[in-house]
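# Structural overview for review
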Protein chains: 2
Amino acid sequence: MSTDPQGARLRIHYRLAVPVAQAGALARAIAFEQTVELPPALVDPALAQRFAGRVEGVEAAGARAARAVISYPAQTVGTELPQLLSVLYGNISLQPGIRIEHVDWPSALLAALGGPGHGIAGLRALTGVPGRALLATALKPVGLGARELADLAYAFARGGLDIIKDDHGLADQPSAPFEQRVARCQEAVARAGALTASQPLYVPHITAPFDALMRRAEFARAAGCRAVLMVPWITGLDAMRAVRDATGLAIVAHPGLTGAYFGPRSGVCPPVLLGDVYRAAGADAVIYPNTGGRFDFSARTCVALNDHLRGPLGPLRPALPMPAGGIDAARASHWVRRYGPDTALLIGASLYSQGDPQAAAAALRAAVEHIT
Amino acid sequence: MSTDPQGARLRIHYRLAVPVAQAGALARAIAFEQTVELPPALVDPALAQRFAGRVEGVEAAGARAARAVISYPAQTVGTELPQLLSVLYGNISLQPGIRIEHVDWPSALLAALGGPGHGIAGLRALTGVPGRALLATALKPVGLGARELADLAYAFARGGLDIIKDDHGLADQPSAPFEQRVARCQEAVARAGALTASQPLYVPHITAPFDALMRRAEFARAAGCRAVLMVPWITGLDAMRAVRDATGLAIVAHPGLTGAYFGPRSGVCPPVLLGDVYRAAGADAVIYPNTGGRFDFSARTCVALNDHLRGPLGPLRPALPMPAGGIDAARASHWVRRYGPDTALLIGASLYSQGDPQAAAAALRAAVEHIT
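Residues numbered from 1 in each chain as written. Chains lettered and ligands numbered in written order. Predicted model: local features only at pLDDT ≥ 70, side-chain atom pairs only at ≥ 80, totals over all residues. Heavy atoms only, no water.

### Observations concerning the relation of the copies chain B and chain A
Here chain B sits on chain A after a turn of 180° about the axis and a move of 0.0 Å along it, with an RMSD of 0.0 Å. Such values leave the two copies arranged in the relation of a two-fold axis. Closest to the rotation axis within chain B is the C-alpha of Gly236(B), separated from it by 1.8 Å. Looking at the interface residues of chain B, 100% of them are also at the interface in chain A, so both copies use one shared face. (Least-squares fit on C-alpha atoms with pLDDT ≥ 70 in both. Contact = heavy atoms within 4.5 Å.)

Here is the structure:
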């Protein structure tokens, strides 16, 4: 139809925890709930045609579940993240048994959102690492002083890690106030890089109160940092987009608070939320809990998430998967072979447990150095 | 102990989906995961003592579940919402089987967060409604023009409703651009108020991109609005606090996106998240899905949520519960009797279905007018 050129609608694929006989009615309810928020009988049909969701198909998925596809008009979805989140999962988050499994994204929407400012190629350029997997760790624990954290950062960088990020528990605590910590750690990592003729990134955590966030990002940039860490579900997802646009810094996104969406019956599956949505919102790298660690993503989920971060997504740059959450340094080469070199392994405790951070980092680097 | 005066620690009560024999180890893992993010063996005991969580107690809750209480030091939690959210549920959101059931809040933390700027008494003063329940509706559907929405707002206000809010699906769509909509609706509601010698509130929805949010709040204030609607889980929770502090506007908080946290085994129970946390972050009124409507909060959950919003919470003002989501106008008096007059009933479709919004509003008002 002329008002709906091919591909202009956002198509969302749901799994519904109801028998297929009830799925059509539920899908229609969702299509209206997420848009006009009135029952179909109370909405002028011409208006509904232009603004409400439209059920495109329903099919059984076992005896007690169904799949449904609903498409949403571009003018209801808009081109901004807040409204997109609202249409995607706002009200239906309160209705159990609805799970978003896949989204077909209109290219124009993706282009408007913008995606990673740097992406994988950009992070490789920033770190000067052309072919192999990137290696990352986190500075912790909270409670250490800025000087101690900077010493750790220096040792990890001297050992050959590419990305040294703050733990997301580091905020602006008196033990290591933000500005002091960032200045010291950035200086330490740059010094190590100069000695090793490399360009490791120190990535400070800038999640902060609404009115302090952009100031912390600007402080980090002025201190020489080229990337920052954010928890988008705490700052609000659009804050990540705003930091990208205002500062040009590369952004590492942390999955804090999002786990609640990853239930088997309800929610938004990780490849959509941490993959498509985080990437569209500007994450250059996305941390996620690797399978077999202390969280519970399946191997299949991790591979699908990698694909959503790195694969084609309209005009958006690929983003770097950053598996984490209990990776054993001794198995690093296994994970690089499994996930491919366009991956950053984020390894914390397993390095700390070795006692000497520089030696631990060097051993890790040696283990993956030649896998491309 | 001297470094830990009574009440300075944040105490979180968890339900763990493991037998009690395993609960002690899991609780200790949580206490470290949410703070130092390293296993106990890798953290200097003196530092852990000062910065990590501490397991205060564990007990069985049936054969396959346990309760645990963990307390967190004030200096790790800080006094700002982002870090609080991180300690509360950041990483453990990724670990199924952990549910937060209750929180004991240090009074100093609550005082720092500030809570509602107006609260129930303030909303009563703003609307000029001393004793009875408040009556609210939402302007919709998306797709109507600003003039049509303003006509609806006028009719609802003329009929005697106290709070006329935008639907949270109204953003800045071309069909009713934000500034045009706000100016027209505010004028219409003020005009109706002047005719009826009342002070109904028009409450525009200001959820917006990061860099536009505060501008929309200021525009609303300049247009004469005295309250605004936000979806804190989309803007970032701290944005609500920031709007409170920067504008002094009353804030109605919408639960969009939060439903994923309300699972039976994992998450944060509604009285903590929509009750304590939203209230502490500055919500003067909190919308929630009433029991028996099209979402699935139990009657017990609704009553508990009301209690958390209105009951004692350190120095914070009480916040107004705003049950919604399919309330039948014909049963309004039932809900007011059940929840008490310090409640705002938010009724949408049931008013729209009556055809004449002013008459529907007047009938609703008459039904609850004398219940105090």
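Okay, back to it.
### Overview of the interface of chain B and chain A
With 69 residues of chain B in contact, the opposing surface of chain A contributes 69 residues. When chain B packs against chain A, the two sides together hide about 5700 Å² of surface, and 64% of this comes from carbon and sulfur. Contact with chain A buries surface across chain B, with Leu94(B), Phe210(B) and Leu257(B) losing the most and accounting together for 14% of the total. Applying the counting criterion to the chain B and chain A interface returns 2 salt bridges. Among the ionic pairs, Asp211(B) bridges to Arg241(A), the shortest N-O distance being 2.8 Å. On the surface where chain B and chain A come into contact, there are 22 residue pairs in polar contact (both at pLDDT 80 or more). Looking at the side of chain B that touches chain A residue by residue, the classes come out as 36 nonpolar, 22 polar and 11 charged. (Buried area = accessible area lost by both parts, 1.4 Å probe. Salt bridge = Lys/Arg side-chain N within 4 Å of Asp/Glu carboxyl O. Polar contact = N/O pair within 3.5 Å; in protein donor to acceptor, adjacent residues only side chain to side chain. Nonpolar A, V, L, I, M, F, W, Y, C, P; charged D, E, K, R; others polar.)

### Section: the packing of aromatic side chains
If you walk through the whole model with that rule in mind, you get 16 aromatic pairs over all chains. Arranged with centres 5.5 Å apart and planes meeting at 80°, the rings of Phe262(B) and Phe297(B) form a pair that is edge-to-face. One end of the pair, Phe262(B), is in the loop between β9 (250-253) and β10 (267-268); the other, Phe297(B), is in the loop between β11 (285-289) and α13 (299-310), with 35 residues separating them in the sequence. Residue Phe297(B) is classed as buried on the basis of its relative accessible area, which comes to 7%. Here the aromatic residues Tyr89(A), Trp233(A), Tyr261(A), Tyr278(A), Tyr89(B), Trp233(B), Tyr261(B) and Tyr278(B) are joined through ring pairs into a cluster of three or more. For the cation-ring pair, Arg216(A) lies above Phe178(A), with the distance from its terminal atom to the ring centre recorded as 5.3 Å. (Phe/Tyr/Trp six-rings, centres within 6.5 Å; stacked < 30°, edge-to-face > 60°. Helix = DSSP H or I, 4+ residues; strand = E, 2+ residues; numbered from the N terminus. Buried < 20%, exposed > 50% of the residue type's maximum accessible area, 1.4 Å probe, protein only. Lys NZ or Arg CZ within 6 Å of the ring centre and 35° of its normal.)

### Thoughts on the packing of helix α9 (residues 210-222) of chain A against helix α11 (residues 237-247) of chain A
Residue and element names in this part refer to chain A. Running from N to C, α9 and α11 point in directions that differ by 40°, and their axes come no closer than 11 Å. Judged by the inter-axis angle, α9 sits oblique to α11. The chirality of how α9 crosses α11 is right-handed. Only Ala239, Ala242, Val243, Ala246 and Thr247 of α11 make contact with α9, whose side of the interface consists of Leu213, Met214, Ala217, Glu218 and Arg221. Among the residues making up the contact of α9 with α11, the classes are represented as 7 nonpolar, 1 polar and 2 charged. (Axes fitted to C-alpha atoms, helices over the stretch in contact; angles between N-to-C directions. Parallel < 35°, antiparallel > 145°, perpendicular 65-115°, else oblique. Left-handed = near helix turned anticlockwise from the far one by under 90°.)

### Brief notes about the nonpolar core
Trp233(A) and Trp233(B) are the most contacted members of the largest nonpolar core, which has 241 residues in total. Considering every element that reaches this core, the biggest residue donor is helix α7 (residues 146-159) of chain B, with 8 residues. (Core = buried A, V, L, I, M, F, W, Y, C linked by side-chain atoms within 4.5 Å.)

### Description of the packing of helix α7 (residues 146-159) of chain A against helix α16 (residues 357-368) of chain A
Residues and elements named next belong to chain A. Two elements in contact, α7 and α16, have axes whose closest approach is 7 Å; the angle formed by their N-to-C orientations is 30°. Taken as axis vectors, α7 and α16 run roughly parallel relative to one another. The hand of the α7/α16 crossing is right-handed. Facing Leu152, Ala155, Phe156, Arg158 and Gly159 of α7, the residues of α16 in contact are Pro357, Gln358, Ala361, Ala362 and Arg365. Considered class by class, the residues forming the contact of α7 with α16 number 6 nonpolar, 2 polar and 2 charged.

### Quick look at the side chain of Asp276(A)
Residues and elements named next belong to chain A. The topology assignment puts Asp276 in helix α12 (residues 270-280). Arg279 provides the closest opposite charge to the buried, salt-bridge-free Asp276, at an N-O distance of 6.0 Å. A polar side-chain atom of Asp276 sits 2.9 Å from a polar atom in the side chain of Trp105. Ignoring sequence-local partners within four residues, the contact set of Asp276 consists of Val103, Trp105, Pro271, His308 and Leu313. (Lys, Arg positive; Asp, Glu negative; His and termini not counted.)

### Points about the sheet that holds strand β2 (residues 54-60) of chain A
Each strand in a sheet pairs with its neighbour through backbone hydrogen bonds, running either in the same direction (parallel) or in the opposite one (antiparallel). Residue and element names in this part refer to chain A. Within the open sheet, the 5 strands sit side by side as β2-β3-β1-β4-β10. Their pairing is mixed. The sheet is open, and its two borders are formed by β2 and β10 (267-268), each paired with just one other strand. As judged from the 2 bridges shared by strand β4 (residues 98-104) and β10, these two strands associate in the parallel manner. Paired with Ile100 across the strands is Val268, a residue of β10. Taken strand by strand, helix α4 (residues 81-90) contacts β1 (10-16), β3 (66-72), β4 and β10, and its axis lies near 130° from that of β4. (Pairing = 2+ DSSP bridges.)

### Some details on the sheet that holds strand β2 (residues 54-60) of chain B
Residues and elements named next belong to chain B. The 5 strands lie next to each other as β2-β3-β1-β4-β10, forming an open sheet whose pairing is mixed. Lying at the two open borders of the sheet, with one neighbouring strand each, are β2 and β10. By the bridge criterion, 6 bridges tie β2 to strand β3 (residues 66-72) in an arrangement that is antiparallel. Across the sheet, Gly57 pairs through a bridge with Val69, a residue of β3. Running over the sheet, helix α12 (residues 270-280) touches β4 (98-104) and β10 and is turned about 40° from β4.

### As for the pattern of salt bridges
Residues and elements named next belong to chain B. In total, this model carries 32 salt bridges over all chains according to the counting rule given. For Glu369, the salt bridge is made with Arg132, and the minimal N-O distance between the two is 3.8 Å. Of this pair, Glu369 sits in the segment after α16 (357-368) while Arg132 sits in the loop between α6 (119-127) and β5 (134-139); the two residues are 237 residues apart in sequence, bridging distant segments of the chain. The class for Arg132 is buried, based on a relative accessible area of 7%.

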